[in-house]
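# Results of the structural survey
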Amino acid sequence: MAVSSSGARCRAALALASSLLAATPALAQDGAPAAAQSDAPHSEEGLIVVTGKRATRSAVTLEGSEIQKVLPGVNPVKAIQTLPGVQFETADPWGNNEQNISLLVHGFNQNQLGFTLDGVPLGDQSYGNFNGLSPQRAVISENVGSVRLTAGAADLGTASVSNLGGGLETYTSDPAASYGARFGQTIGSYDANRTYLRLDSGLVDGLGGSNAGYVAVVRQRARAWEFDARQGGWQANAKFVHKGERDTLTGYFALSDKVEPNQDSVAHNAGGAEPYYRSLLFPDWQAALRYVDGNGAPPASNPNNYANYFGDAQRTDYLAYLKYEYRFSDAVSLSHQIYGHHDEGQGQITGPIAAAGLPGLFRIYYPGQNLKQVFGNSGYALRTTEYGIDRRGLISTLQVRTGAHEIEFGGWYEHNRNTIFRRWYAAPVDSPPSPYEWADPSLRRLTQYASIVSYDIVQLHLQDRWHVTPDLAIEAGFKSSLQFADGRIPVQPLPGALPGSSTGFPEGRLNTRKWFLPAIGAVWDITPDDQLFAHVQKNVRQFQASVAAGQSPYNVGSQQAFDRIRSSVEPESSWTYEAGLRTRHQLTFGPVTSVEAQVSAYHVAFRNRLLSISPTTVISSVIGGVPILQNVGGVTTDGIDAAATLRFGGGLSLYNALSYNRSRYDDDYTSGSTVVPTAGKDVPNVARWLNKTVVTATAGPVEVQAIGDYVGRRFATFTNDQSVPGRFLLGLQAAYGLGPIPGTAFKSLRLSVNITNVTNRKGVYEIVVGAASKTWNSYAQPPRQAFLTLSGAF
């Protein structure tokens, strides 16, 4: 019997969240941008972007109220696409579909950035994740207090081993000071339905101080625009804050249980038909049976863009932390934060058994047998990638102020055990599998491989902020990043069961130690409203430690290749140089009443770039690859970001961000005996020009906001012989605030309408790069969609 991915597990987790609310004292994170404490679920105040006034590096913050204006329930990572230097694409309007998320900041992709939630590491955001979870799974969107982006280089204390580039810090909102409830109900295109409810305890005296907490749940369901399948799931959050005279204790719990059927990317110039997008045959099983021939082969006209019955991502995550801070005096404070994260899930594909090289694989395990009969007589088989993550860690920080110095010493330790099982199941002709359920163990036919990788991370940092004068501060320090990994393969693939010349996945230890990664910066208050800042920092991206990761030494095809990597391949590293000016002024210049702006220039020297050279150039195989992993030189990046918010009285504001980025490969590389001419070529999928515009107009209870997002031309291959043109997307929001409702318990009601892709633009939206030349993959632009939300508090 198949096991549901929601249902009982979701009810049990909600009960756990409720018990945590009743039993655990908690408190707010330190060092985070202040979250709104108002009972109102939306704020009409504040600028679109808040610049980091004391930061020596480029830093901007987007408040939670602004995030919800993009679309209630939006992924906070998607919301930051309005920030300078950020390029984001995904297949759904909320930004939740992780298979086709693409995030680039200053030329670095999401696997090369650092992500945290209230300081807790969220990993490198790989789709086949092994060391974390996405921000939208770690916190309900409506519970986000703010998101802070350091676009150039993340803070030294950021708990990440992947941040070659910047960092994205998401902060949960604190409990409200008053007892009450908040809610939001969204309906819209493609049967979208999102329900949010939050209950706040308000401040309660006890335990030697004040206490407050909340519990929140959300349920979301929406039909994918490309095919007839539902995407969504359940989430629950609970948070508690206890504040004493000298101490603060914070507790947080998050559950995410999601199911997302996914479309496949379209292969271009690879032979056969090229549809606008690759749909799925689900839920029409009879049509799927007619689609394949007697051997389970799809039509020969589209060998690389055939239709699967379905593909999906099923993920269940439990995340919790406790943080304790004690202030010994105004000059000395110490904080400890412990956390744990458990993930279990499956990535599934049900597709024809006579496509993508599968007959060769199956004959290795079932020689001389009728493969159609082996897999249930339907002509289809279900492939799973079964994930497991168990992480636990500790973050400690000591802060001391002495004279003109602010000294910070911190440490982060994490232990992780991640498991990956690649398995194949029958798809019986009279009982088709479902994208909403885990695979039925009784239908398992083979385990292609199984991998277990454990690692320990130790990261230390020391930093001194020296106030040379009241107007000039110099910040200097370094961090040490150490990773100790150990990989084991309980089940090896049989010889020939992976493409290429694989002899099996490697095993063994892989330890990397980078003891001195320095950083130095300065900030100078030219006037009380104008600052110059500059920053230089070195970073390292530790090796990915999982068979499922795209650039992992454990994903190569032989023990010999792994041993060569241990002896000669270096982790990726970067030097980031940035400098800029930030300003904020009240004006009497015609209609303009205030301006806040930041301009920054940056240069990045990216060294020891890792390239995973696949045995197949077309992204269509479901067997699994055994790539060659090697250092292929460097990348040089130069760019400028400029952003400003102008206010015209209290009713109109204009925000615009213009960014230029030129990321170029320094070297050619060799694939086998072929030299691939990449020196001087642009890094694919990185647009040189980005422009973001947000216009907000308010008149009494009415607010209208337009969001424009321009992404320039992008190359689609390493040699730049394929490209896609620039595109401009427009989103609109109109809201009406009803305020308190006399005679009712409602403190406020707000009705909003959001429209994405207003002009219904069609074309390539997201590029998937996988080849040196000629061939590339893409996802199509989601069509115009509209959503209506009623939210409020009582």
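See the structure above.
To start, this report covers the structure provided alongside it. (Residues numbered from 1 in each chain as written. Predicted model: local features only at pLDDT ≥ 70, side-chain atom pairs only at ≥ 80, totals over all residues. Heavy atoms only, no water.)

Looking only at helices and strands, the chain has 8 helices and 43 strands in total. Whereas a compact globule of 794 residues would reach a radius of gyration of roughly 28 Å, the chain reaches 26 Å, a difference of no more than 12%. Judged by the C-alpha coordinates and their principal axes, the chain covers about 80 × 65 × 55 Å. Looking at the chain residue by residue over its 794 residues, the buried ones come to 58%. (Helix = DSSP H or I, 4+ residues; strand = E, 2+ residues; numbered from the N terminus. Rg over C-alpha atoms; globule rule 2.2 N^0.38 Å. Buried < 20%, exposed > 50% of the residue type's maximum accessible area, 1.4 Å probe, protein only.)

Time to look at the packing of aromatic side chains. In total, this model carries 25 aromatic pairs according to the counting rule given. Where F183 meets F794, the ring centres are 6.0 Å apart and the plane angle is 45°; that geometry is what we call tilted. Within this pair, whereas F183 is found in strand β11 (residues 180–188), its partner F794 is found in the segment after β43 (785–793), the two being separated by 611 residues in sequence. Assessed through its relative accessible area of 38%, F794 is described here as partly exposed. In this structure, R278 packs its charged tip against the face of Y306, placed 5.3 Å from the ring centre. (Phe/Tyr/Trp six-rings, centres within 6.5 Å; stacked < 30°, edge-to-face > 60°. Lys NZ or Arg CZ within 6 Å of the ring centre and 35° of its normal.)

Time to look at the nonpolar core. In this structure, L83, L103 and Y554 are the most contacted members of the largest nonpolar core, which totals 86 residues. Counting residues per element, this core draws most heavily on strand β23 (residues 444–469), at 4 residues. (Core = buried A, V, L, I, M, F, W, Y, C linked by side-chain atoms within 4.5 Å.)

With that settled, consider the sheet that holds strand β17 (residues 266–268). Spatially, β17-β42-β41 is the arrangement adopted by the 3 strands of the open sheet, whose pairing is antiparallel. Edge positions in the sheet fall to β17 and β41 (764–768), since each of these pairs with one other strand and no more. Averaged over all neighbouring strand pairs, the angle between strand axes comes to 40°, with direction disregarded. Pairing of β17 with strand β42 (residues 776–780), which is carried by 3 bridges, proceeds in the antiparallel orientation. Across the sheet, the residue bridging to H268 is W776, located in β42. (Pairing = 2+ DSSP bridges. Axes fitted to C-alpha atoms, helices over the stretch in contact; angles between N-to-C directions.)

Moving on: unusual backbone geometry. A cis amide bond, omega 10°, links F282 with the succeeding residue P283. Within the secondary structure layout, P283 lies in the loop between β17 and α5 (285–291). At N269, a residue that is not glycine, the phi angle is positive and equals roughly 55°. Topologically, N269 is positioned in the loop between β17 and α5. Among the residues examined, N269 registers a relative accessible area of 33% and is labelled partly exposed. In the Ramachandran plot, N685 falls in the positive-phi region, its phi being about 75° despite a non-glycine side chain. Locating N685 in the fold gives a position in the loop between β34 (674–676) and β35 (689–699). The exposure class assigned to N685 is buried, which follows from its relative accessible area of 7%.

Attention now moves to the environment of V139. Note on placement: V139 falls in the loop between α4 (135–138) and β9 (144–150). Here the alpha-carbon distance between V139 and Y252, two residues 113 residues apart in the chain, equals 9.9 Å.

Below, the discussion takes up a nonpolar patch on the surface. Residues I187, V702, V704, Y736, L738, L751, V753, L788 and L790 make up a contiguous nonpolar surface patch of about 680 Å² in total accessible area. Contributions of two or more residues to the nonpolar patch are made by β36 (702–711), β40 (748–756) and β43. Residue position: L790 is located in strand β43. (Patch = residues over 30% accessible without salt bridge, like charges linked within 9 Å, V, L, I, M, F, W, Y side chains within 5 Å. Areas by Shrake-Rupley, 256 points an atom, 1.4 Å probe, with all protein chains shown as cover. Salt bridge = Lys/Arg side-chain N within 4 Å of Asp/Glu carboxyl O.)

Turning to helix α8 (residues 559–568), a few remarks are in order. What α8 keeps buried is the set A561, F562 and I565. Taken around the axis of α8, the buried residues stretch over an arc of 100°, which confines them to a single face. Among the exposed residues of α8, those oriented more than 90 degrees off its buried face are Q560 and S567. (Arc of directions from axis to C-beta.)

Just distances and angles here, no functional claims.
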